[in-house]
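Listed below are the residues making up each chain.
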Amino acid sequence: MLQGTVAFLLLVVLAVVGVEVQKRLAQSGTRAPALEGLVWLALGVVVGDTGLGLFPEDVLAALRAVVLVGLVWIGLVYGLQIDAAVIRRLKPWHRQWGLGLPTAAAVALFAGAMATGLGPASAAGIAAVGAVSSTTGLDALARVRRPDDRGALRILRMVAAFSGLPAMVALAAATLQWSPLSSASGGWMAWWQVGIVAAGGAVVLGYAHLALMRGVRSSLELLTLFLGLATVVAGASAVLGLSGVPLAALVGAVIINRCVFPHRVLKVAHGFERPLMIVMLILAGATAEAVAFSWPVFLLLVVCRGAILVLGGRALAVRAGREGSAVTPWIGIGLLPQEALALGLAVAVDVAGGARGLLEASLVAMVVNQALAQIWMRRWLFRSTRSGVER
């Protein structure tokens, strides 16, 4: 009992310190989310049962609920950003390319993973992780770019925002295969029937939460309600043997498109995301029996994913040119970075029973992708500044 209390307090302290460090790094412009993820994962290995033994097996079993709630929270935060009114205001070709490019990346990664001998479920998990992009570093880029280049930045943000949708579908497909209710795992229901039941339940939960939110004004009350919702979704997904991330994303999408104060909801949800992510990665490292590394997964997420995004970015630049928006043909490199959602998806696949070494390889691949994108963005910045001076 005492050891469990000490372990929990240690997690709280690490989460508080980690959030403060992240804030300072963000202010200095040197934050690298994927590298931070590796640090927290390594710290988990050190304090876990294979290291210092601060988190023995019985304590980790009790804290597994924290990981499930954290994964649900990540999905919820993403779902709360799916505003149908904003999507409808986009041009048709924006929606087509925003969904098309990450979907093409997911399909290619799935085929590549299957070719390396991985099972369909693990391959779908890799496709989910690789489909996600982030606009990490673009805010700093926007502060020094000329106004006539902001079209490219808007396109990158648009594609990155859409990239979570095919990723959620891929993760749902992966966990549907792993569900004990699915016939693929010896259950009595077809995998698509399990998906329909789960999606229907998520929609019902979303509307039920909206009813509970009526009259709530305090941010603390909102946070309490959302923590309760995350706990319910985590419990339901555990019973069904599914990942709570896509289910929570669907719940969040229902809430954000029906609530009357979306900005307050988003503020509350974002405020709790970072500490939960830190706790999740530490616990994921602590539960690792041995550190493994999958070279096929690493090469798929760096080489294959990079080639797809570069080629897709060239095609996107041509399409943008036809619409009167001249952008660099190397715009696809700006989609290499990944942040919280990709980290959460990697943990979700690992927790659900993904291929050995997938989490470690995914995090290292994210670090490499971030570094490549930073090199490209610095060069782009230099060219922009030099051409501005020459003019």
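Residues numbered from 1 in each chain as written. Predicted model: local features only at pLDDT ≥ 70, side-chain atom pairs only at ≥ 80, totals over all residues. Heavy atoms only, no water.

Engineer: Whenever I open this one, the overall build of the protein confuses me. Can you help?
Structural biologist: Helices and strands together make up the secondary structure of the protein, namely 17 helices and zero strands. Considering the protein as a whole, with its 391 residues, one finds that 48% of them fall into the buried category. At a minimum sequence separation of 6, the contacts of the protein that also span at least 24 residues come to 79%. Summing over all exposed atoms, the protein offers an accessible surface of approximately 17900 Å²; the carbon and sulfur share of this is 66%. (Helix = DSSP H or I, 4+ residues; strand = E, 2+ residues; numbered from the N terminus. Buried < 20%, exposed > 50% of the residue type's maximum accessible area, 1.4 Å probe, protein only. Contact = heavy atoms within 4.5 Å. Areas by Shrake-Rupley, 256 points an atom, 1.4 Å probe, with all protein chains shown as cover.)

Engineer: Whenever I open this one, the pattern of salt bridges confuses me. Can you help?
Structural biologist: Side chains that differ in sign of charge can pair as their charged atoms come close. Summed over all chains, the structure comprises one salt bridge. With a shortest N-O distance of 2.4 Å, Glu323 and Arg319 are connected by a salt bridge. Given a relative accessible area of 21%, Arg319 falls into the partly exposed group. (Salt bridge = Lys/Arg side-chain N within 4 Å of Asp/Glu carboxyl O.)

Engineer: Honestly, the packing of aromatic side chains in this entry has me stumped. Any pointers?
Structural biologist: The way to describe two aromatic rings as a pair is by their centre distance and the angle between their planes. This model, assessed by the stated rule, comprises four aromatic pairs. Ring geometry for Phe293 against Trp295: centres 5.0 Å apart, planes inclined by 70°, an arrangement best described as edge-to-face. For Phe293, a relative accessible area of 33% puts it in the partly exposed group. Members of the aromatic cluster, each reached through a chain of ring pairs, are Phe293, Trp295 and Phe298. (Phe/Tyr/Trp six-rings, centres within 6.5 Å; stacked < 30°, edge-to-face > 60°.)

Engineer: Mind showing me how you'd approach the packing of helix H9 (residues 164–178) against helix H16 (residues 340–352) here?
Structural biologist: Packed helices, taken two at a time, are described by their axes: the angle between them and the distance between them. For the pair H9 and H16, the least separation of the axes is 11 Å and the interaxial angle reads 5°. Between H9 and H16, the interaxial angle falls into the category roughly parallel. Here Gly164, Ala167, Met168, Leu171, Thr175 and Trp178 of H9 lie close against H16, whose contacting residues are Leu341, Leu345, Ala348, Val349 and Ala352. (Axes fitted to C-alpha atoms, helices over the stretch in contact; angles between N-to-C directions. Parallel < 35°, antiparallel > 145°, perpendicular 65-115°, else oblique.)

Engineer: How do you make sense of the nonpolar core when you look at a structure like this?
Structural biologist: Across soluble globular proteins, nonpolar side chains have a tendency to be buried as a group. Ranked by internal contacts, the top residues of the largest apolar core, which has 63 residues, are Phe55, Leu283 and Leu345. If near-sequence neighbours (up to four positions away) are discounted, Leu283 is found in contact with Leu11, Phe55, Leu60, Leu63, Val66 and Val67. Counting 33 residues, the second-largest nonpolar core is a separate cluster that includes Leu80, Leu222, Phe226 and Ile256. (Core = buried A, V, L, I, M, F, W, Y, C linked by side-chain atoms within 4.5 Å.)

Engineer: What's the story with the confidence of the model for the protein in this structure? I'm lost.
Structural biologist: Low pLDDT means the predicted coordinates in that region are not meant to be read closely. For the protein, the average pLDDT comes to 82, and 86% of its residues sit at 70 or higher. Between residues 384–391, whose pLDDT stays under 50, and residues either more than four places distant or in other chains, the model counts six contacts. (pLDDT = per-residue confidence, 0-100.)

Engineer: Looking at this structure, how should I read H9?
Structural biologist: It helps to recall that an α-helix has 3.6 residues per turn; residues three or four apart then point in one direction. Between its first and last C-alpha, H9 extends 21 Å over 15 residues, near the 21 Å set by a 1.5 Å rise per residue. Restricting attention to buried positions, one finds in H9 the residues Gly164, Pro166, Ala167, Met168, Ala170, Leu171, Ala174, Thr175 and Leu176. (Expected span 1.5 Å × (residues − 1).)

Engineer: Explanation requested: the packing of helix H10 (residues 191–213) against helix H11 (residues 219–240) in the structure shown.
Structural biologist: At a minimum axis distance of 11 Å, the contact between H10 and H11 shows a crossing angle of 165°. Judged by the angle between their axes, H10 and H11 are roughly antiparallel. Note that H10 runs across H11; the crossing there is right-handed. Residue-level contacts link Ala198, Leu205, His209, Leu212 and Met213 of H10 to Leu222, Leu225, Phe226, Leu229, Val232, Val233 and Leu240 of H11. Looking at side-chain class alone, the contact of H10 with H11 contains eleven nonpolar, one polar and no charged residues. (Left-handed = near helix turned anticlockwise from the far one by under 90°. Nonpolar A, V, L, I, M, F, W, Y, C, P; charged D, E, K, R; others polar.)

Engineer: How do you make sense of the environment of Val233 when you look at a structure like this?
Structural biologist: Summarising the element assignment, Val233 is placed in helix H11. Spatially, the C-alpha atom of Val233 lies 8.3 Å from that of Leu205, the residues being 28 residues apart in sequence. If sequence neighbours within four positions are ignored, Val233 has contacts with Val72, Leu205, Gly244, Leu247, Ala248 and Val251.

Engineer: How do you make sense of H10 when you look at a structure like this?
Structural biologist: Here H10 is 23 residues long and its end C-alpha atoms lie 33 Å apart, about the 33 Å a rise of 1.5 Å per residue gives. Taken together, the buried positions of H10 are Val194, Ala198, Ala202, Gly206, His209, Leu210 and Met213. Contact partners of the buried residues in H10: H9, H11, helix H12 (244–258) and helix H13 (262–271). Directly after H10, the chain includes Gly215, whose backbone phi takes a positive value near 85°.

Engineer: Is there a simple way to think about a nonpolar patch on the surface in this case?
Structural biologist: Taken together, the side chains of Phe8, Leu9, Val12 and Val16 present a nonpolar region at the surface, about 370 Å² in accessible area. Structurally, the position occupied by Leu9 is in helix H1 (residues 2–28). (Patch = residues over 30% accessible without salt bridge, like charges linked within 9 Å, V, L, I, M, F, W, Y side chains within 5 Å.)

Engineer: I tried to follow the side chain of Glu273 on my own but got confused; where do I start?
Structural biologist: Tracing the backbone through its elements, the reader meets Glu273 in helix H14 (residues 273–287). Comment: no salt bridge for buried Glu273; closest opposite-charge side chain is Arg274, at 6.5 Å. Contacts of Glu273, omitting those with residues within four sequence positions, involve Trp73, Val77 and Ala340. (Lys, Arg positive; Asp, Glu negative; His and termini not counted.)

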